[in-house]
Amino acid sequence: MSMPLESVPFSELLRQPAETAERLARARALRLRRRDAADLVLMSADRAEAEGEVVDLTARLLASLVRRDPGLVREALPTVLPWVRFLSPADAQQMAGEFIATAEAAAAVGNTAAVSQLLTEWRHTAEIHADPDLHRVLATPSADDFGPVTRPTDE
């Protein structure tokens, strides 16, 4: 699903709604660029439902395969996500289990945000393991109290 989206200014949708929406006949979806907020994605409801069905089926199929052969995902992950190679074998196994459980649950509720968050967290863990100096600093126990933390200011 990492296919690039056609990008248009949000104002184009406001000025020419029919013409802008017609572009969906030629594109998977449109990225609506906004100046003061996060971009939006516009796609047909049929397309969104079809993509949701694919995600649901993929998660359920993957979970079924893993129940038959638990090592399958652990073996495949470094090919799909090369940064997994920086995780220890125990961490890679834990990540594989969490990934399957989270993907299956996310498909059941129709929201993949938890899967994205899980992958981000594990990628950051791999980044720490990939940097020996950072890993050493973060893995070294600290007996010191670094004092009170100041409350962040709202900007």
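Quick summary incoming for the structure in this document. (Residues numbered from 1 in each chain as written. Predicted model: local features only at pLDDT ≥ 70, side-chain atom pairs only at ≥ 80, totals over all residues. Heavy atoms only, no water.)

**Thoughts on a nonpolar patch on the surface**
- There is a patch of nonpolar side chains on the surface, built from Leu57, Leu61, Leu65 and Leu72 and spanning about 350 Å² of accessible area.
- Considering each element in turn, the nonpolar patch owes the most residues, three residues, to helix α3 (residues 45-68).
- As for its position among the elements, leucine 61 is in helix α3. (Patch = residues over 30% accessible without salt bridge, like charges linked within 9 Å, V, L, I, M, F, W, Y side chains within 5 Å. Areas by Shrake-Rupley, 256 points an atom, 1.4 Å probe, with all protein chains shown as cover. Salt bridge = Lys/Arg side-chain N within 4 Å of Asp/Glu carboxyl O. Helix = DSSP H or I, 4+ residues; strand = E, 2+ residues; numbered from the N terminus.)

**Focus on the sheet that holds strand β3 (residues 40-42)**
- An order of β1-β2-β3 is seen for the three strands of this open sheet, with the pairing classed as mixed. Two strands lie at the open edges of the sheet, namely β1 (6-9) and β3, each paired on one side alone. Strand after strand, the sheet turns through a mean of 35° between neighbouring axes, direction not considered.
- Relative to strand β2 (residues 30-33), β1 is paired through four bridges, and the arrangement is parallel. Paired with serine 7 across the bridge in β2 is arginine 31. (Pairing = 2+ DSSP bridges. Axes fitted to C-alpha atoms, helices over the stretch in contact; angles between N-to-C directions.)

**A word on the side chain of glutamate 51**
- Within the secondary structure layout, glutamate 51 lies in helix α3.
- Judged by its relative accessible area of 13%, glutamate 51 is buried.
- In this structure the side chain of glutamate 51 is engaged in a polar contact, spanning 2.8 Å, whose partner is the side chain of arginine 28. (Buried < 20%, exposed > 50% of the residue type's maximum accessible area, 1.4 Å probe, protein only. Polar contact = N/O pair within 3.5 Å; in protein donor to acceptor, adjacent residues only side chain to side chain.)

**Points about the pattern of salt bridges**
- Inspection of the entire model under this criterion finds six salt bridges.
- Across the pair aspartate 39 and arginine 31 runs a salt bridge whose closest N-O atoms are separated by 2.8 Å.

**With respect to the layout of surface pockets**
- When its volume is computed, the second largest pocket comes out at roughly 200 Å³.
- The wall of the second largest pocket is formed by Leu62, Leu72, Val73, Ala76, Leu77, Val80, Leu81, Met95, Phe99 and Leu119.
- Mapped onto the lining of the second largest pocket, the elements with two or more residues apiece are α4 (71-80) and α5 (89-109).
- Among the elements that line the lining of the second largest pocket, the one with the most residues is α4, at five residues.
- Counted by class, the lining of the second largest pocket contains ten nonpolar, no polar and no charged residues. (1 Å grid on protein atoms, 1.4 Å probe; cavity = no way out; pocket = protein on both sides within 12 Å on 5 of 7 lines; lining within 4 Å. Points joined across faces, edges and corners; volume = space filled by probe spheres on them. Nonpolar A, V, L, I, M, F, W, Y, C, P; charged D, E, K, R; others polar.)

**A word on α5**
- Its 21 residues give α5 an end-to-end C-alpha distance of 30 Å, which sits within 8% of 30 Å, the value for a rise of 1.5 Å per residue.
- Buried within α5 we find Asp91, Ala92, Met95, Ala96, Phe99, Ile100, Thr102, Ala103, Ala106 and Ala107.
- Tucked into the core, α5 has its buried residues touching α3, α4 and α6 (113-130). (Expected span 1.5 Å × (residues − 1). Contact = heavy atoms within 4.5 Å.)

Honestly, that's just the spatial picture; any functional story needs more than this.
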